[in-house]
Amino acid sequence: MKILGLSFSPRTQGNTEILLDEALSGARQEGAETELYSIAGKDIKPCDGCWGCRKAGECHIKDDMQELYTKMLEADGIIYGTPVYFYNMTGQGKTVIDRTIALGQPGRNLANKVGGVIAVAGSFGLVDAVKDLYFYMITRRMLPASFIAAYAGGKGDVKNLEKCMKATRELGQEMAQIAAKKFEYPAGGTHIAYGTHTR
Ligand SMILES: Cc1cc2nc3c(=O)[nH]c(=O)nc-3n(C[C@H](O)[C@H](O)[C@H](O)COP(=O)(O)O)c2cc1C
């Protein structure tokens, strides 16, 4: 079983990475293989809205997102970790999320993977980042686990939040425990009504 920690922070070894590391150590305690992937320094371009992935089955933009697609597809669980930038996830994070529109093909999608969320803010604005990532996971038919919402501004400050570190380790354990249960959505449609105009 594999759990991927995905950091949306451009600041390496900052609070998001520290918490992801802690969660992944919890997952390892439950026997999971783990990997931390950071978007820092990566070349991940925005989705250009071409919808070519619908026909081709994959995204035509050949950048670092291609290796991340593989890692996401191979994982049984993904922990999305983001700092809060202006009251939501980072722009880099949203870019990754948008590019996963290409993971919507039969046999090449995120369905039934366990999803967890870690969001870190300096002082204000955690809720939107957390809820937007949950809404995203539901539309991808992922299986939501818990979340961690932490206030820590300076690089590494989160290490001082003892309860938060403990809860984060437990999130990692929970991710692995849920993944081991191998829950699956019923096969078939997405059950998502995009609006009352859809037929
Ligand atoms: C461009 C930018 C925007 C930010 N916006 C917010 C914000 O809206 N609310 C907040 O509480 N903190 C904000 N912060 C602070 C970060 O969320 C905080 O420092 C966090 O710990 C960074 O996580 P990291 O160490 O993983 O990069 C912002 C930081 C930057 C660089």
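Before reading further, recall that the structure is shown in the block above.
Residues numbered from 1 in each chain as written. Predicted model: local features only at pLDDT ≥ 70, side-chain atom pairs only at ≥ 80, totals over all residues. Heavy atoms only, no water.

Considering the nonpolar core
- Within the largest apolar cluster, 34 residues are counted, with the highest numbers of intra-cluster contacts made by Leu6, Leu68, Met72, Ile78 and Tyr80.
- Those elements that place two or more of their residues in this core are strand 1 (2-7), helix 3 (65-74), strand 3 (77-83), helix 4 (91-99), strand 6 (114-121) and helix 5 (126-139).
- In terms of residue count, the dominant contributor to this core is helix 5 (7 residues).
- Not counting residues up to four positions away in its chain, the partners in contact with methionine 72 are Leu4, Leu6, Met65, Ile78, Tyr80, Thr100, Leu103, Leu110 and Lys113.
- Core analysis: the second largest hydrophobic core is formed by 25 residues, Leu143, Val158, Cys164 and Ala179 among them. (Core = buried A, V, L, I, M, F, W, Y, C linked by side-chain atoms within 4.5 Å. Buried < 20%, exposed > 50% of the residue type's maximum accessible area, 1.4 Å probe, protein only. Helix = DSSP H or I, 4+ residues; strand = E, 2+ residues; numbered from the N terminus. Contact = heavy atoms within 4.5 Å.)

Concerning a nonpolar patch on the surface
- Together, Phe86, Tyr87 and Phe124 give the surface a local cluster of nonpolar side chains, amounting to about 440 Å² of exposed area.
- Turning to its location among the elements, phenylalanine 124 is positioned in the loop between strand 6 and helix 5. (Patch = residues over 30% accessible without salt bridge, like charges linked within 9 Å, V, L, I, M, F, W, Y side chains within 5 Å. Areas by Shrake-Rupley, 256 points an atom, 1.4 Å probe, with all protein chains shown as cover. Salt bridge = Lys/Arg side-chain N within 4 Å of Asp/Glu carboxyl O.)

Some details on the sheet that holds strand 6
- The 5 strands are arranged 2-1-3-6-7 in an open sheet whose pairing can be described as parallel. Of all strands in the sheet, those with a lone pairing partner are strand 2 (33-38) and strand 7 (143-151), marking the two edges. Put simply, the sheet's adjacent strands are angled 15° from each other on average, direction ignored.
- Pairing between strand 3 and strand 6: 7 bridges, direction parallel. (Pairing = 2+ DSSP bridges. Axes fitted to C-alpha atoms, helices over the stretch in contact; angles between N-to-C directions.)

Brief notes about the site of the ligand
- In the vicinity of the ligand, 17 residues are found, and the nearest of them are Ser9, Thr16, Ser123, Phe124 and Ala152.
- Phenylalanine 86 places a polar main-chain atom, nitrogen or oxygen, 2.9 Å from a nitrogen atom of the ligand.
- Taking serine 123, its main chain carries an N or O atom lying 2.6 Å from an oxygen atom of the ligand.
- Expressed as a share of its isolated accessible area of 640 Å², the protein-covered part of the ligand is 77%.
- Among the elements of the structure, helix 1 (15-29) and strand 6 are those that each provide at least two residues to the shell around the ligand.
- Its residues assigned to classes, the shell around the ligand shows 9 nonpolar, 7 polar and 1 charged. (Near = heavy atom within 4 Å. Polar contact = N/O pair within 3.5 Å; in protein donor to acceptor, adjacent residues only side chain to side chain. Nonpolar A, V, L, I, M, F, W, Y, C, P; charged D, E, K, R; others polar.)

A look at the pairing of strand 7
- Sheet topology note: the strand 6/strand 7 ladder contains 7 bridges and is parallel. Opposite alanine 121, over in strand 7, you have tyrosine 151 as the bridge partner.

Comments concerning the pattern of salt bridges
- Enumeration over the complete set of coordinates arrives at 10 salt bridges.
- Linking glutamate 35 and lysine 71 is a salt bridge whose minimum nitrogen-to-oxygen distance equals 2.9 Å. One end of the pair, glutamate 35, is in strand 2; the other, lysine 71, is in helix 3, and 36 residues separate them in sequence.
- Taking relative accessible area as the criterion, lysine 71 reaches 23% and is therefore assigned partly exposed.
- Residues aspartate 128 and lysine 131 are paired through a salt bridge, measuring 2.9 Å at the closest nitrogen-oxygen approach. With a gap of 3 residues between them, aspartate 128 and lysine 131 both fall in helix 5, about one helical turn apart.
- The structure contains a network of salt bridges with shared partners spanning Asp128, Lys131 and Asp132.

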